Amino acid sequence: MRSKGPRSDMSPSAEVLHSRALVVQLARLGDLIQSVPAIDALRQAYPTRELDVLCASPLVSVLGQYPGVRRVLGWDGGQWRGLAEQWTDEPGLALRSVQAQLSTEGVAPYEVVYNLNQHSRSIIAAHLYGGRVVGAGAAGPLDPSLSLWGEYLRSVAKDRSGNRIHLADAWCGLCGVKPLGRAPRLTRGAERLPHDLEGVGKARGLWCALAVGAGDRERCLSAGDWGNWAQAYLTHLPEAHLLLVGSGAEREVGRAVVEGLSSLSQGRVWDATGRTTLPQLMELLSRCSWVVGADTGPLHVGTAVGARALGFYFARARVHETGPYGDGHWVFQHDTTEHPASWPWDASVELLAGRSGAPERGWTLWKSHMDEWGALYTHDAESERAAGMRESIWRSLCPWVEEKIAV
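Everything numeric here is computed off the predicted structure, so don't read it as measured data. (Residues numbered from 1 in each chain as written. Predicted model: local features only at pLDDT ≥ 70, side-chain atom pairs only at ≥ 80, totals over all residues. Heavy atoms only, no water.)

## A few points about the packing of aromatic side chains
Inspection of the entire model under this criterion finds twelve aromatic pairs. Centre to centre, the rings of Trp-343 and Trp-363 are 5.5 Å apart; their planes meet at 40°, and the pair counts as tilted. Within this pair, whereas Trp-343 is found in the loop between strand S11 (330–334) and helix H14 (345–352), its partner Trp-363 is found in strand S12 (residues 363–371), the two being separated by 20 residues in sequence. Like Trp-363, Trp-343 is buried. Over the face of the ring belonging to Tyr-110 we find Arg-20, whose NZ or CZ atom lies 4.1 Å from the ring centre. (Phe/Tyr/Trp six-rings, centres within 6.5 Å; stacked < 30°, edge-to-face > 60°. Helix = DSSP H or I, 4+ residues; strand = E, 2+ residues; numbered from the N terminus. Buried < 20%, exposed > 50% of the residue type's maximum accessible area, 1.4 Å probe, protein only. Lys NZ or Arg CZ within 6 Å of the ring centre and 35° of its normal.)

Rendered as structure tokens:
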């Protein structure tokens, strides 16, 4: 696979050391969390460089205290959409508006911008904020050419079955750096919680957070499905506690899950859906041993603050691309893109209890590991083959990897 554009992914040693750089990630919460390995790899490759991050405005607080990130800028999607529409009728006025907006933010142009998103708004943002773009849009805001890693990501989006490179690690390659082989840990300040949630994580027994929603509707489970899982968990683990988390849109789902439980089980459930800020959510998840859910932002936030994850992946969610990043996480992957007719509830509860259980028909259980090429999910005896496949892909897409290993 070779890039049709004039640029290819470059070795960190081949790049001129720039004093200021920006990472652009304008996608959802889970994508921002899984961009942190690339941020960490860039920080290690360029330790004297000031590194900022541009993300959606509601997510600024997630990385607000992350070491090595100097500043987190918020992207107001509604405001910039209006500027884009204005461009059609009055491009001169729109350009002046953009310049005024950047001036108001006190942002001077960056020498280099690492753009992780292959869509027009991110490409335009990258070129507005900086002089040279690495990643999507590197050949220019109107040039569709892709780098080697960009082509790889596009091919994965079309045919996901054979992929073994985690999206977080592919973003490292897109930025021209190699994964560090370890999972990042988000820092957080002391957060005051709602009074009735202060006790989360303090009582004896296993604490598990259940994320009852998902950003993509096709990955959402019904309140009845999650209620069945919650009842199985609380029944088989009589000393365990359950924390429900989700956005305001999932408040009714959380309430329905609680109301569907037996009165005896309800006393061990804490419902935080729609009631927390992102920093408060991080604090609550850090008090839990496990976080359970579909492929959704809170699942990835939980791993980033120290919890182990157990995911149920179906529809278009694929464990090898967006499985929880790190070591020791578990994912039940459904074998088709259809919505599952049955769920491995008993097997998943057995897993949380430290026992092994056979998954339902149509499901495969995968476990995460970390190595020099990043995150890897395996099952049974296929780990050696998968590891070799990933190394081969890295060497073909990053010629400088060979040089680094030789040194």
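## Section: unusual backbone geometry
Phi angles above zero are rare outside glycine, and Ala-315 is one such case at about 55°. If you trace the backbone, Ala-315 turns up in the loop between strand S10 (308–313) and helix H13 (319–322).

## A closer look at the environment of Gly-131
By the secondary structure assignment, Gly-131 is in strand S5 (residues 130–135). Using a relative accessible area of 67% as the deciding quantity, one classes Gly-131 as exposed. For the pair formed by Gly-131 and Pro-109, sequence separation is 22 residues and the distance between their alpha carbons is 6.9 Å.

## Examining the sheet that holds strand S3 (residues 69–75)
Sheet strands line up and pair through hydrogen bonds in the backbone, either parallel or antiparallel. The strand order S3-S2-S1-S4-S5 describes an open sheet built from five strands, whose pairing is parallel. The outermost strands of the open sheet, each flanked by one partner alone, are S3 and S5. For this sheet the average axis-to-axis angle between neighbouring strands, irrespective of direction, equals 25°. Sheet topology note: the strand S1 (residues 20–24)/strand S4 (residues 110–115) ladder contains four bridges and is parallel. The residue bridging Val-23 from the neighbouring strand is Tyr-114, located in S4. Docked against the sheet, helix H2 (residues 36–45) engages S1, strand S2 (50–56), S3 and S4, running at close to 165° with respect to S2. (Pairing = 2+ DSSP bridges. Axes fitted to C-alpha atoms, helices over the stretch in contact; angles between N-to-C directions. Contact = heavy atoms within 4.5 Å.)

Structural measurements only, silent on function.
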